[in-house]
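Coordinate inspection notes
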Amino acid sequence: MATKFTKFFAALAAFSLLTTVAPNAHAELLVEPYLGYHTGEWESGTSGEDMKGPTYGARLGYQGMGFMAGIDYMMGMWEDESNPKNDVTPSDLGIFVGYNFPVMMRIYGVFSPDPLNPSLKFKSNGSSAKYEGSTMKVGIGFTALPMVSINAEYIIGTYDEVNGNNLTTDLKTKMLGVTVSLPLTF
């Protein structure tokens, strides 16, 4: 199981790499907060439920000559359709790469491996369970408006631990969403 120190070290290493390589390529600092809504499902073995809710986060990195790279942190306030309903809280720190096309479109991907400790916390009726694993996100953005990107995203996750214990059957998630982001460069 990854510790907070491991998360911090991985994020610091990624950021250090970007700050030493990117300035030599005449890159600009990218700060991109985003807000959106995702819908999808979780499943584990024969059980599963639909879930949906708002998502928010930010990307921090560098971009230059169309390419962009850095770190992405995503959180949310989702809810599943079980009875009683679970409040589902995602928390993902990942590494992103992408490309801005010159025709008002961009693509990006985010990978949150197990050492960065992406998690889903389920909470209902005073009890909670924290699932840990890895996630991947791919997105396509449309930048027709100045300084605004409207993004369509697909997120998949595989969680193999719950409350620090290995699962016999992984919990898997699939989510589709739309986000609006504000890619600011300095």
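Attention in this report is confined to the structure presented alongside it.

**Observations regarding the packing of aromatic side chains**
In this description, an aromatic ring pair is defined by two values, namely the gap between the centres and the angle between the planes. One pass over the structure, following the stated rule, counts four aromatic pairs. A centroid spacing of 5.4 Å and a plane angle of 75° characterise the contact between Phe122 and Tyr131, whose relative ring orientation is edge-to-face. Under the relative-accessibility criterion, Tyr131 is labelled buried at 17%. Through a chain of ring-to-ring contacts, three or more aromatic side chains come together here, namely Trp42, Phe122 and Tyr131. Across from the ring centre of Tyr108, 4.5 Å away, lies the NZ or CZ of Arg59, which sits over that ring.

**Digging into unusual backbone geometry**
A cis amide bond links Asn83 to the next residue, Pro84, at an omega of 0°. By the element assignment, Pro84 lies in the loop between strand E4 (78-80) and strand E5 (87-101). Notably, Met104 is not glycine yet its phi reads approximately 60°, a positive angle. Tracing the sequence through the fold places Met104 in the loop between E5 and strand E6 (105-112). In the Ramachandran plot, Asn117 falls in the positive-phi region, its phi being about 65° despite a non-glycine side chain. Topologically, Asn117 is positioned in the loop between E6 and strand E7 (119-124). Residue classification places Asn117 among the buried positions, given a relative accessible area of 6%.

**Some details on empty space enclosed by the protein**
If you walk through the whole model with that rule in mind, you get two cavities of 30 Å³ or more. As a volume, the largest cavity reaches approximately 60 Å³. Along its surface, the largest cavity is lined by Asp72, Met74, Asp92, Gly94, Val110, Ser112, Thr135, Met136, Lys137 and Ile155. At the level of elements, strand E3 (67-76), E5, E6 and strand E8 (127-142) are the ones that each hand at least two residues to the lining of the largest cavity. Broken down by element, the lining of the largest cavity gets its largest block of residues, three residues, from E8. Of the volumes computed, that of the second largest cavity is approximately 50 Å³. Every residue along the wall of the second largest cavity is listed here: Met74, Trp78, Pro90, Asp92, Leu120, Thr135, Ile155, Tyr159, Thr173 and Met175. When the residues that make up the lining of the second largest cavity are grouped by side-chain class, the tally is seven nonpolar, two polar and one charged.

**Comments concerning the side chain of Asp80**
Inspection of the secondary structure puts Asp80 in strand E4. The charged side chain of Asp80 is buried without a salt bridge, its nearest counter-charge being Lys85 at 7.6 Å. Side-chain polar atoms of Asp80 contact the side chain of Ser82, separated by 2.9 Å. Separated by 2.8 Å, the side chain of Asp80 and the backbone nitrogen of Asn86 make a polar contact. With residues up to four places along the chain from it excluded, the contact list for Asp80 reads Trp42, Glu49, Asp50, Met51, Lys85, Asn86, Val88 and Phe122.

**Some thoughts on the pairing of strand E10 (residues 165-181)**
Two faces belong to every sheet, and in a regular strand the side chains alternate between them. The pairing of strand E1 (residues 28-44) with E10 spans 10 bridges and is antiparallel. The residue of E10 that forms the bridge with Trp42 is Thr173. Sheet topology note: the strand E9 (residues 149-162)/E10 ladder contains 13 bridges and is antiparallel. Within E10, the residue paired with Glu153 across the bridge is Gly177.

Cut-offs used in this document
Residues numbered from 1 in each chain as written. Predicted model: local features only at pLDDT ≥ 70, side-chain atom pairs only at ≥ 80, totals over all residues. Heavy atoms only, no water. Phe/Tyr/Trp six-rings, centres within 6.5 Å; stacked < 30°, edge-to-face > 60°. Buried < 20%, exposed > 50% of the residue type's maximum accessible area, 1.4 Å probe, protein only. Lys NZ or Arg CZ within 6 Å of the ring centre and 35° of its normal. Helix = DSSP H or I, 4+ residues; strand = E, 2+ residues; numbered from the N terminus. 1 Å grid on protein atoms, 1.4 Å probe; cavity = no way out; pocket = protein on both sides within 12 Å on 5 of 7 lines; lining within 4 Å. Points joined across faces, edges and corners; volume = space filled by probe spheres on them. Nonpolar A, V, L, I, M, F, W, Y, C, P; charged D, E, K, R; others polar. Lys, Arg positive; Asp, Glu negative; His and termini not counted. Salt bridge = Lys/Arg side-chain N within 4 Å of Asp/Glu carboxyl O. Polar contact = N/O pair within 3.5 Å; in protein donor to acceptor, adjacent residues only side chain to side chain. Contact = heavy atoms within 4.5 Å. Pairing = 2+ DSSP bridges.

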